[in-house]
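# Coordinates in review
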Amino acid sequence: MSAAAKLPGSLNANRRLDRWLRFNADRTVTVRTGKVEIGQGIVTAMAQIAAEELDVALTRVRMVSGDTALTPDEGHTSGSRSIDEGGSALRYACAEARHLLLQAASQQLDIPADKLVVEDGVISGLDRIRKLSYWELPHAELLNREATAAIKPKPAARHTIVGASAARLDIPDKATGAPRFVQDLELPGMLFGRAVRPPSYDAQLTAFDADAVRKLPGVVAVVRDGNFIGVVAEREEQAVKARQAAQRAAQWKESPLPTDDAGIYDYLTSRQTKDHVIIERTDAAARARAARTLEARYTRPYVAHASIGPSCALARIEGGRIEVWTHSQGVYQLRHDLATVLDLPPENILVHHAEGAGCYGHNGADDAALDAVLLARAVAGRPVQVQWMRDDEFAWEPFGPAMVVKTRAALDAQGNIVDWALDVWSNGHTGRPNTATTTGKVSSLLAAWHLANPVARRPQGDPPMSGGGGMARNSPATYAFPNERVIAHRVEEMPLRVSALRALGATANVFAIESFIDELAAAAGADPVEFRLRHMKDPRARAVIELAAQKAGWRAGAASDGTSGRGIAFAQYKNSYGYLALVIELGLEPDIHVKRAVAAIDVGQAINPDGVVNQTEGGIVQSISWTLKEQVRFDRERVTTRTWEEYPILTFAEAPQVEVHLINRPDEAPLGAGEMAAGPTAAAIANALHHALGVRIRDLPLTRERIAAA
Amino acid sequence: MPEATTLKVNGVRHTVCAEPDTPLLYILRNDLKLKGAKFGCGVGLCGSCMVLIDGHNVMSCDTPLWAAAGKSITTIEGLGSLAAPHALQRAFITEQAAQCGYCLSGVIMSAAALLERNPDPSESDIKQALARNLCRCGTHTRIIKAVQRAAGELRK
Ligand code: FES
Ligand code: FES
């Protein structure tokens, strides 16, 4: 077999046109995407792309997303890659579909194709007299083929739907309380399940009185399989009570953790590590001009995804067939892992995506799906819904990894950076299910590790730099330093379970780089904006830095009045995606808080400008919360963060003013946007704090206690 | 023991049979099929489950059924619908004030209670009124704008 030509984005692995779109009898078009809605508005953006290329009204597009029976396999919805992979695939698929329909219409109408126009799916000659709609053509037959990507999508200049802000398709339901989330799904005869998790990671169940739980009202099943316990009841409150009773009826032997939250950074930097040189650029002559050298160490704690709605899934088992509803970010990958654990062919399992609460990465979504399946197995034929309790969500979700970043740089006599080095320590950043072949049976699903016949944990992964990087994401600076050396030190031992959290390693790396740039500017006696521009060549990066500074009313050399401060920071996400610079105005009374954040962004062509702005605002506010408040606590026994009281996040009372200014570049490629605010926001706050008080805090979160101790 | 309890929800009387200590949230979601109020924490710390009881915003996850008996309860579904949205719901759509939207019905119910007692709230009044609702997506600024917009519309 000759290798087929490479097609754009996810079209390459999903080549059939009718996998992507179909025309329906009611003059609508169904568009299928493997990318899923996680509160980022992606499904609306995909609908815009399809409507644009097909020349149909946005209201005619019906979206289907994330379904192993229906949609293409586009991997995980993560890493701000959706527009890149899924958007480009849809563009080409729809452009080709339109072309095929046009050719067929040309024959039937006996008008040359280049003399035809399409308006809302109606193809006509310039006289508008002879016409045919997509729906009257043999569309099913025409789309029954493989894509070639030979038809070029429209140039940006002809876009009318893409590039205009579109109202999100999902918001009306959410504002009126219409059932829409996986948590809201209800199937006939549905039961309620709860998992009963161990008190700590490796705890062994030594005794369990299942009968004490079984006799409670409404309890339909009590499952014990090794260290996995679960309960199923007729009513939800009965399942919750049964879980509490099961916790009392179980005895566990716990084993200690290798460190605690205070010791984690020394722990990480004292392990045996696998080291990767990420970048090494040498200019001996420049290095020889070094007049003074600065060094610093920055840290970020474990951070929880802490979705507002705990993870949830529904499962039904009938005959040999398993059906699962989940808010997983990768339905095919989850199916693969479920099939491994259950020893079933993947074809026997159907996985449907349904929206959950915002996840910001890999939370308990996939784990809840296995919980639901394990409990559904005990009640043959009846569907079981499992929603995690809040304390389990805190204790068991895979956290964003703790990280240490050390920087060293040299200035010449004029205060220019002539040498730069960065070292980063972390665990790998992905513990997600995936379909990659491995030796032996492995799974990323929590309950799988607890079964009597456990499935081994999938080795932790970390995306390579070619895939955007994991722990080393954004570890190279975007600045033009003559010497730069970056090394990633990957730690294998994992004191806590970790996986992808929005922006992965970029948060800590950018926090370190952009804090350190300010430290160097101060050492050079330079203004932070001028100092950044002095070292920046990329014109698009310069443009966002200049715009953010201008919109925030930045004045070089302005001193703080002692009650407030301002700081700037910048990053190009993944060194190749969207550009963002922002200025933070910090207040200190009664407690440290962000008064205003002013950002400038460049994401190339913005498909849905308001959607991009919304995502950026959210990214900034979430990062403010991470930066000022958040840290997962654990001692030598277990994770001790279990409630919102122990894990406060930014409240409405503390909400800042946020402005996002978009530099739209319709002729540039669209660049992922969802995660770019994380690192710059953290650094800009630290820089503003330094401006206000003259103290430099290098450990997140930037709390009052840390400031007092500095 | 389960007991028959009568509640008035969104203007309609319902009798449900459940243990008196059952959280009102589960009664609304599972017995009355009103899925608007959400489970977030179950212990009164996040506001996802907010409803109005006799006009006051209350967390339904830590309100037992017995305490709601005979009271008048309003959920997000009772505020308005897709076909006939309340000014707040319209404003949230106009401002595109959601990311995941899981917090939304709780937030909107707190805002509804606020506008009921204070038709012309300042920004700081709005922030204080929403202080018991958590939003993890960081949609705070748009949500505040949406409440301001709704207040303006209702005053017209
Ligand atoms: S679910 Fe009721 S306050 Fe959190
Ligand atoms: S919009 Fe997601 S929690 Fe508020």
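Residues numbered from 1 in each chain as written. Chains lettered and ligands numbered in written order. Predicted model: local features only at pLDDT ≥ 70, side-chain atom pairs only at ≥ 80, totals over all residues. Heavy atoms only, no water.

## Observations regarding the overall build of chain A
Inclusion rule: Runs of H or I in DSSP of at least four residues are treated as helices and runs of E of at least two as strands, each being numbered from the N terminus. Note that the radius of gyration is over C-alpha atoms, with the globule rule given as 2.2 Å times the number of residues to the power 0.38. Burial classes: relative accessible area under 20% of the type maximum marks a residue as buried, over 50% as exposed, and values in between as partly exposed (1.4 Å probe, protein chains only). Residues are treated as being in contact if the distance between any of their heavy atoms lies within 4.5 Å.
When helices and strands are counted, chain A shows 17 helices and 26 strands. For a compact globule of 710 residues, the expected C-alpha radius of gyration is about 27 Å, and chain A comes in at 27 Å, within 12% of that figure. Overall, chain A is about 80 × 75 × 50 Å in size when its C-alpha atoms are taken along their principal axes. Residues classed as buried in chain A amount to 65% of the 710 residues present. Counting only contacts in chain A whose residues sit at least 6 apart along the sequence, the fraction spanning at least 24 positions is 77%.

## Here we look at the packing of helix 9 (residues 331-342) of chain A against helix 10 (residues 365-376) of chain A
Residue and element names in this part refer to chain A. Quick note on the threshold: Lines fitted to the C-alpha atoms define the axes, with helices restricted to the stretch that makes contact. Angles between their N-to-C directions range from 0 to 180 degrees. Any angle from 65 to 115 degrees is called roughly perpendicular, while one under 35 is roughly parallel, one over 145 is roughly antiparallel, and all others are oblique. Definitions for this section: a left-handed crossing has its near helix turned counterclockwise from the far helix by less than a right angle. A right-handed crossing has that turn clockwise.
Packing of helix 9 against helix 10 leaves a shortest axis separation of 11 Å and a crossing angle of 40 degrees. For the element pair helix 9 / helix 10, the angle class is oblique. The chirality of how helix 9 crosses helix 10 is right-handed. Along the contact surface, helix 9 presents Leu334, Leu338, Val341 and Leu342, while helix 10 presents Asp366, Ala369, Leu370 and Val373.

## Remarks on the sheet that holds strand 3 (residues 61-65) of chain A
All names here are of chain A. Rules: What makes two strands pair is DSSP finding at least two bridges between them.
Judged by pairing direction, the sheet is mixed, and its three strands sit side by side in the order 1-2-3 without closing on themselves. Every interior strand has two partners, whereas the edge strands, strand 1 (21-23) and strand 3, have only one. Averaged over all pairs of adjacent strands, the angle between their axes in this sheet comes to 20 degrees, without regard to strand direction. The pairing of strand 1 with strand 2 (residues 29-33) spans three bridges and is classified as antiparallel. Pairing of Phe23 across the sheet is with Val29, part of strand 2. Sheet strands touched by helix 1 (residues 42-54): strand 1, strand 2 and strand 3. Its angle to strand 3, the strand with the most contacts, is close to 135 degrees. Against the sheet, helix 2 (residues 82-109) makes contact with strand 1 and strand 2, and its axis sits at roughly 35 degrees relative to strand 1, the strand it touches most.

## Quick look at the pattern of salt bridges
Residues and elements named next belong to chain A. Rules: Definition used for salt bridges: Asp or Glu carboxyl oxygen within 4 Å of a side-chain nitrogen of Lys or Arg.
This structure, assessed with the given rule, holds 59 salt bridges over all chains. Here Glu546 and Arg542 are joined by a salt bridge, their closest N and O atoms 4.0 Å apart. Here the residue Glu546 and the residue Arg542 both occupy positions in helix 14 (residues 539-551), the gap between them amounting to four residues, near one helical turn. By sharing partners, the salt bridges in this structure join Arg168, Asp170, Asp173, Lys174, Arg180 and Glu355 into a single network.

## Looking at unusual backbone geometry
What is expected of a backbone is that most residues other than glycine have negative phi and most peptide bonds are trans. Put simply, Glu589(A) and Pro590(A) share a cis peptide bond, and its omega is -5 degrees. Inspection of the secondary structure assignment puts Pro590(A) in the loop between strand 24 (579-587) and strand 25 (593-602). In this model, Leu700(A) is joined to Pro701(A) through a cis peptide bond whose omega is -10 degrees. If you trace the backbone, Pro701(A) turns up in the loop between helix 16 (678-693) and helix 17 (704-709). Positive phi, normally seen in glycine, also occurs at Asp54(B), with a value near 45 degrees. Here Asp54(B) lies in the loop between strand 3 (50-53) and strand 4 (56-59).

## So, the pairing of strand 10 (residues 228-233) of chain A
Look at any regular strand and the pattern is simple: side chains alternate between the two faces of the sheet. All names here are of chain A. In terms of burial, strand 10 is largely enclosed, as six of its six residues are buried. Neither face of strand 10 is exposed, since Phe228, Gly230 and Val232 on one face and Ile229, Val231 and Ala233 on the opposite face are all buried. Across six bridges, the pairing between strand 9 (residues 219-225) and strand 10 is antiparallel. The partner of Val223 across the bridge, within strand 10, is Gly230. Between strand 9 and the antiparallel strand that follows it, strand 10, lie two residues; Gly226 among them carries a positive phi value of about 65 degrees.

## Quick look at the domain arrangement of chain B
All names here are of chain B. Definition in use: For the domain bounds, the source is a domain assignment made automatically or taken from a database. Accessible-area loss on putting two parts together, using a 1.4 Å probe and summing over both, is the definition of buried area adopted here. We call two N or O atoms a polar contact when they sit within 3.5 Å, provided that within protein one can donate a hydrogen and the other can accept it, with sequence-adjacent residues counted only if both atoms are side-chain atoms. Ten residue types, Ala, Val, Leu, Ile, Met, Phe, Trp, Tyr, Cys and Pro, are classed as nonpolar, four, Asp, Glu, Lys and Arg, as charged, and the remainder, Gly among them, as polar.
Domain boundaries assigned for chain B yield domain 1 (3-76) and domain 2 (87-155). Here the C-alpha centre of domain 2 lies 21 Å away from the C-alpha centre of domain 1. Each partner contributes to the interface: domain 1 provides 17 residues, whereas domain 2 provides 13 residues. Where domain 1 abuts domain 2, roughly 1300 Å² becomes buried across the two surfaces, and 56% of that area is made up of carbon and sulfur atoms. Broken down residue by residue, the surface that domain 1 buries against domain 2 is led by Met50, Asn57 and Ile76, which jointly contribute 42%. Linking domain 1 to domain 2 there are zero salt bridges. The tally of links between domain 1 and domain 2 comes to seven residue pairs in polar contact (both at pLDDT 80 or more). Among the elements of the structure, strand 3 and strand 4 are those that each provide at least two residues to the side of domain 1 that touches domain 2. The biggest single contributor to the side of domain 1 that touches domain 2 is strand 3, with three residues. Split by residue class, the side of domain 1 that touches domain 2 holds nine nonpolar, seven polar and one charged.

## Brief notes about the side chain of Arg32(A)
Residues and elements named next belong to chain A. Just so we agree on the cut-off: We count Lys and Arg on the positive side and Asp and Glu on the negative side, and we leave His and both chain ends out.
Tracing the sequence through the fold places Arg32 in strand 2. With no salt bridge to any partner, buried Arg32 finds its closest opposite charge in Asp18, at an N-O distance of 6.7 Å. Here the side chain of Arg32 touches Leu70 through a polar contact of 3.5 Å, landing on its backbone oxygen. Residues within four places of Arg32 in sequence aside, it is in contact with Asp18, Arg19, Trp20, Arg22, Val64, Leu70, Thr71, Pro72 and Leu90.

## Some points on the nonpolar core
The following threshold applies: Only buried residues count toward a nonpolar core. Its members are Ala, Val, Leu, Ile, Met, Phe, Trp, Tyr and Cys residues joined through side-chain atoms within 4.5 Å.
Core analysis: the biggest nonpolar cluster contains 224 residues, and Leu338(A), Trp420(A), Trp644(A) and Phe92(B) have the highest contact counts within it. One finds Ala45(A), Ala105(A), Ala147(A) and Ile161(A) within the second-largest nonpolar core, a separate group that totals 46 residues.

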